[in-house]
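Secondary and tertiary structure notes
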Amino acid sequence: MRLDWKENWPESRENFKKWWNHSGFVISHWGTGLPMEKSLYGLPEVPEAKDPVQRHTDPGWVLPAEEYRLSCNWQGADFLPIGFPDYGTVTLATYLGVEPLFEEEYINYKGPGLSSENDWALKLDKGNKYYKEMFDMTLKMRDRSAGRYAIGYPAFMPGLDVLAELRGTQDLLMDLVLEPDWVKAKLAEINEAYFECYEDYYQALKGEDGSSVTGYFMLWGDGRTSMAQCDFCSMISPEMFEEFEGPVLTEHCDRMDNTMYHLDGPDALNKLDYLLSIPSLDAIQWTPGPKLPQGGDASWYDMYKKIKAAGKSVQAPWVKPEEVLPLINEVGPEGMYIMVDFKTRDEVETVLKQVEQFR
C-alpha cells in the first residue's frame, strides 16, 4: 500500500505489523496527522458546506474537503493519513433499512421499526440508495487519492448496535428476554450482510500487498483488518453479552485477519474477561469515558497487563506525552498502541526520542 504523504511509511508499516503480532509498539494519536495552519502541499482551502446533507453526501464537496484536511496534517510518528468518505457510526444499519439523519458533525439514525411481528430478511441490498452513494463516494476518493493517502472503511461493524438501530434500543432490550431466538436469527443475518459489505470494500480498497485500513481508530494491517464494537453491551449482563453478541463476534474475528474490539466505558468492563477468551480477537481498544482518568493513567496498568497476558494487543487513547515513558516502563512496550494527546511537533519528537530505546 502506498502512502506518499507519509515519508516514514515503511517504518510505521513495520511498527503496525509488530503491534498486531504483540511484539512491538505504535506511537500515534487520536487523528490522522498533526494539524498545521495551512496545506503542506499548497492545496486551496475548501469553503464550508452549505448544509449537513452536502457535508456528508456530496462528492463534489466531500472529496476536496477531505483532501484539503489531510494536506494540512503533518504525518510524523505512526500517524496515518486516512480520508473518511463517511462519518457515520452505525453505517451498516443504513444499508439494511435505517434512515440517516444528517447533522453538522454527526449522523443520527431513524429505525424502520423491525420486530418479530414486522419482520423481513436482513440482506445487503446493493441497490439501496445509501449503499450506492457511499460506495460510489469511496471509489471516487480512492481514485482521487492516487496513493497519497489511504481511504478508511466506513464504520459498518455488525452486531447488537446495528439491530438496536433497526428495532429500537428499549424494544431490543425486551426482545433479549421475550424473543431470544428471533434476536439471534437477526444477528446472524446482520453478520452475513456485514461480510458481504466488507468484502466489497476490501476488494475496492486493498493495497497491492492485500493490506487494508480501518479509518475509525486509525488501523492498518496485512489482509482483512476490522473493528468490532458493541456499545449496547453497557446495558446488559456479561451472560447476555456472551449469549447474544458472543457467537457473531467470534465469527467476525474468525473471518478477519486482524480485529480490534472497541471497549467503551466503565459499564463495558465486565465484558473484558469474555473478550479475552476469544482466540481470534487480536486487540482491545479501551475508551475510559469522560468521567474517568484517560488511557495513560496508572490506574489502567493492571488492565493492560491482563490484556497482554491473554495474548492480545492494546490500544490506549488520550495518553499525555509525559505519561508515555512511565506507561511503557510499567507494562512493557510489546503490543502497545499508544495514542498520545500531542499538541506540537516538539512533543512528538521528544516522545519518539524517549521510546527509541525500546525499538
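About the thresholds
As a convention, each chain's residues are numbered from 1 in the sequence order in which they are written. Selection of residues for local features in this predicted model requires a pLDDT of at least 70, selection of side-chain atom pairs for listing and counting requires 80 or more, and totals for whole chains, interfaces and linings are taken over all residues. Note that the side-chain values use all heavy atoms of the structure and ignore hydrogens as well as water. We count a stretch as a helix when DSSP gives it H or I for four or more residues in a row; a strand needs E for two or more, and each element gets its number in order from the N terminus. Radius of gyration: C-alpha atoms only; globule rule: 2.2 Å multiplied by the number of residues to the exponent 0.38. Any two residues whose heavy atoms approach within 4.5 Å are treated as being in contact. Remark: nonpolar core denotes a set of buried residues (Ala, Val, Leu, Ile, Met, Phe, Trp, Tyr, Cys) joined through side-chain atoms within 4.5 Å. For every residue, the accessible area (1.4 Å probe, protein chains only) is compared with the maximum for its type, and the residue is labelled buried under 20%, exposed over 50%, or partly exposed between those bounds. What makes a salt bridge here is a side-chain nitrogen of Lys or Arg within 4 Å of a carboxyl oxygen of Asp or Glu, nothing more. Two N or O atoms count as a polar contact when they lie within 3.5 Å, although within protein this holds only if one can serve as hydrogen donor and the other as acceptor, and sequence-adjacent residues are included solely when both atoms are side-chain atoms.

Regarding its fold elements, the chain presents 13 helices and 14 strands. Expected size for 359 residues packed as a compact globule is a radius of gyration near 21 Å; at 20 Å, the chain falls within 12% of this value. Taken along the three principal axes of its C-alpha coordinates, the chain extends 60 × 50 × 40 Å. Sequence-distant contacts in the chain: of pairs separated by 6 or more residues, those separated by 24 or more amount to 72%.

With 95 residues, the main nonpolar core has Ile27, Leu160, Tyr201, Tyr261 and Tyr304 as its most contacted residues. Ranked by the residues each element gives to this core, the list is headed by helix H8 (residues 180-205), at 13 residues. Once residues lying within four places of it in the same chain are set aside, the contact partners of Tyr201 are Tyr95, Tyr131, Met134, Phe135, Thr138, Tyr153, Pro154, Phe156 and Lys206. If you look at the next biggest cluster of nonpolar residues, it comprises 24 residues, including Met1, Leu3, Trp20 and Val213.

Turning to the pattern of salt bridges, a few remarks are in order. Summed over all chains, the structure comprises 24 salt bridges. A salt bridge links Asp341 to Lys343; its shortest N-O distance comes to 3.4 Å. For Asp341, a relative accessible area of 25% puts it in the partly exposed group. Salt bridges here are not isolated pairs; linked through shared partners, they connect Arg55, Glu104 and Glu105.

Let's shift gears to unusual backbone geometry. We note that Phe217 has phi near 75 degrees; this positive angle belongs to a residue other than glycine. In this structure, Phe217 sits in the loop between strand E8 (212-214) and strand E9 (219-221). Exposure remark for Phe217: the relative accessible area of 7% places this residue in the buried category.

Residue placement: Ser280 occurs in the loop between helix H10 (272-276) and strand E12 (283-287). Exposure remark for Ser280: the relative accessible area of 19% places this residue in the buried category. Of note is the side chain of Ser280, whose polar atom sits 2.5 Å from the side chain of Asp254. Here Ser280 is in contact with Thr250, Cys253 and Asp254, once residues within four sequence places are set aside.

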